[in-house]
Structure formats: structure tokens, C-alpha cells
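Remarks on the overall topology
Listed here are the chains, written in short residue letters.
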Amino acid sequence: MKGFNFYNLAKSTLRVLFRYVWKLQIIGIENIPANGPLIIVANHSSLLDGLVMVAAFNFRLTFFSAAYLFDVLGVGFVLKKIKAIPVSTYRKTVSSRRTVKDALDVLKNNGILMIFPEGGLYKTDEIVNIKSGASFFSVKAKSTGITCCYNWN
């Protein structure tokens, strides 16, 4: 189907669910630039975090995602359709060169990169083991970094 955009369909569907069914409120979003190069960094405490981010922002985000998730039926399909960037984990290794190149390409094309800097899911109120990737990409692409923190309580 010409002109079909999976990301926009997903965003519209998630927006209805999160905003109108679960009453998601977003405070301060008007202060975030609508185009890049931009890196958005948020804590990662729920499997729904990426979905919340898609619903929250009016613009397209490019996510980093654990490489093994691309092999999970259904999840992998969605990650490929939204053009997420696979990142190595202890479960699966991918080319770090490819990951870096893909991320820098997003930023060089004025895109918006979404990073959960803990490198995994942590169900605690404390932020642990922040990885340096967001800082690296910010410096390399001369991008603006925005930190977002939220919780589900």
C-alpha cells in the first residue's frame, strides 16, 4: 500500500490508548525541539517505556533496542518496521560499527534518537549503571540532548 506508514499508525493507536484510556499526561513537551539532531534519554523501568515514548511525542523517534528482540516473533516485526537500531547484549551480538553508523546517520539527517541509557530494564526507583552512548552520540553529532524521566505510579 503506497504511502502507508507503520510508525504513524502505531503512534496514533498508542496515543489513543495512553492518553484517553490510561490518562497519560505530558508536562513540558512544548519545550522539546520538534527536529534534530536530538537525543532523548529516559529511564527504563517498564516494558511499555518505548510505547509510551512513541505515544508522547509528535515526531518520529529512532530507538536503540536489544538485538535479541529482533528475533522475537511479533516484537521483531515491529522493531524492523519502526527502523529501530539493534544493540548488542549478552544474549546476542551485532556489529557495533553498524550500530554507531546507523545512529549517527539518524542524527546527521536531523533525526531524533531515543536512548534508554541504562542499557536494559530496571524495575527500581534508582537509576543504575548509566552507559555513555548518549554522550558519545551527542558529541559526535553535535546534537542537543534532552533528559526525560517519568514513572507509572
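Cut-off values and rules
- Positions within a chain are numbered from 1, following the residues in the order the chain's sequence is written.
- It should be noted that, the model being predicted, local features are given only for residues of pLDDT at least 70 and side-chain atom pairs only at 80 or more, the latter also being counted only at that level, while totals for whole chains, interfaces and linings use all residues.
- Note that the side-chain values use all heavy atoms of the structure and ignore hydrogens as well as water.
- Any Lys or Arg side-chain nitrogen found within 4 Å of a carboxyl oxygen on Asp or Glu counts as a salt bridge.
- Runs of H or I in DSSP of at least four residues are treated as helices and runs of E of at least two as strands, each being numbered from the N terminus.
- Burial classes: relative accessible area under 20% of the type maximum marks a residue as buried, over 50% as exposed, and values in between as partly exposed (1.4 Å probe, protein chains only).
- To qualify as a nonpolar core, a set must consist of buried Ala, Val, Leu, Ile, Met, Phe, Trp, Tyr and Cys residues joined through side-chain atoms within 4.5 Å.
- Whether two residues are in contact is decided by their heavy atoms: any pair within 4.5 Å suffices.
- A score between 0 and 100, pLDDT records how confident the predictor is in each residue.
- Geometry of aromatic contacts follows a simple scheme: Phe, Tyr and Trp rings, the Trp one being its six-membered ring, pair when their centres are within 6.5 Å, and the pair is stacked under 30 degrees between planes, edge-to-face over 60, tilted otherwise.
- We call a charge positioned over a ring when the NZ of a Lys or the CZ of an Arg lies within 6 Å of the ring centre and within 35 degrees of the ring normal.
- Counted as positive: Lys and Arg. Counted as negative: Asp and Glu. His and the chain ends are not counted at all.
- Multiplying one less than the number of residues by 1.5 Å gives the expected span of a helix.
- Contacts described as polar in this section are N or O atom pairs within 3.5 Å, which, within protein, must combine one atom able to donate a hydrogen with one able to accept it, while residues neighboring in sequence count only if both atoms come from side chains.

1. Description of the pattern of salt bridges
Evaluation of the coordinates by the stated rule reveals three salt bridges. Across the pair Lys 92 and Asp 71 runs a salt bridge whose closest N-O atoms are separated by 2.9 Å. A residue pair is termed long-range when its members are at least 10 positions apart, and Lys 92 in the loop between β3 (85–87) and α4 (96–108) and Asp 71 in the loop between β2 (62–66) and α3 (75–81) qualify at 21 residues. Take Asp 71: its relative accessible area is 55%, and that puts it in the exposed class.

2. Quick notes on the nonpolar core
Grouped together as the largest cluster of nonpolar side chains are 24 residues, with contacts concentrated most on Ile 40, Met 53, Phe 57, Leu 61, Phe 63 and Met 114. Elements with a contribution of two residues or more to this core: α1 (6–21), β1 (38–42), α2 (49–56) and β4 (112–115). No other element matches the five residues that α2 contributes to this core. Setting aside its immediate chain neighbours within four residues, Leu 61 contacts Tyr 7, Ile 40, Met 53, Val 54, Ile 112 and Met 114.

3. A few points about the confidence of the model for the chain
A low pLDDT means the predicted coordinates there should not be read in detail. Mean pLDDT over the chain stands at 80; residues scoring 70 or higher make up 81%. Within the chain, strand β5 (residues 144–148) has the poorest average pLDDT of any element, 59, and β3 the best, 92.

4. Focus on the environment of Tyr 90
Residue placement: Tyr 90 occurs in the loop between β3 and α4. C-alpha of Tyr 90 to C-alpha of Ala 66: the two residues are 24 residues apart in sequence and 9.5 Å apart in space.

5. Thoughts on the packing of aromatic side chains
Following the criterion strictly, the structure yields four aromatic pairs and no others. Centroid distance Phe 6 to Phe 77: 5.8 Å. Interplanar angle 90°. Geometry classified as edge-to-face. You can see Phe 6 sitting in helix α1 and its partner Phe 77 sitting in helix α3, a full 71 residues away along the chain. Above the plane of the ring of Tyr 7 lies Arg 60, whose end atom (NZ or CZ) is 4.5 Å from the centre.

6. Thoughts on the side chain of Arg 15
Relative to the elements of secondary structure, Arg 15 occurs in helix α1. Of the side chains with opposite charge, Glu 30 comes closest to the buried, unpaired Arg 15, at an N-O distance of 12 Å. For Arg 15, the residues in contact, after removing those within four places along its chain, are Tyr 20, Ala 55, Ala 56, Phe 57 and Asn 58.

7. Points about α1
Over its 16 residues, α1 runs 22 Å from end to end, which matches the ideal 22 Å to within 8%, given 1.5 Å per residue. At the N-terminal boundary of α1, the capping side chain belongs to Asn 5, with an oxygen 3.0 Å from the backbone nitrogen of Tyr 7. At the exit of α1 stands Lys 23, carrying a positive phi of roughly 55°.

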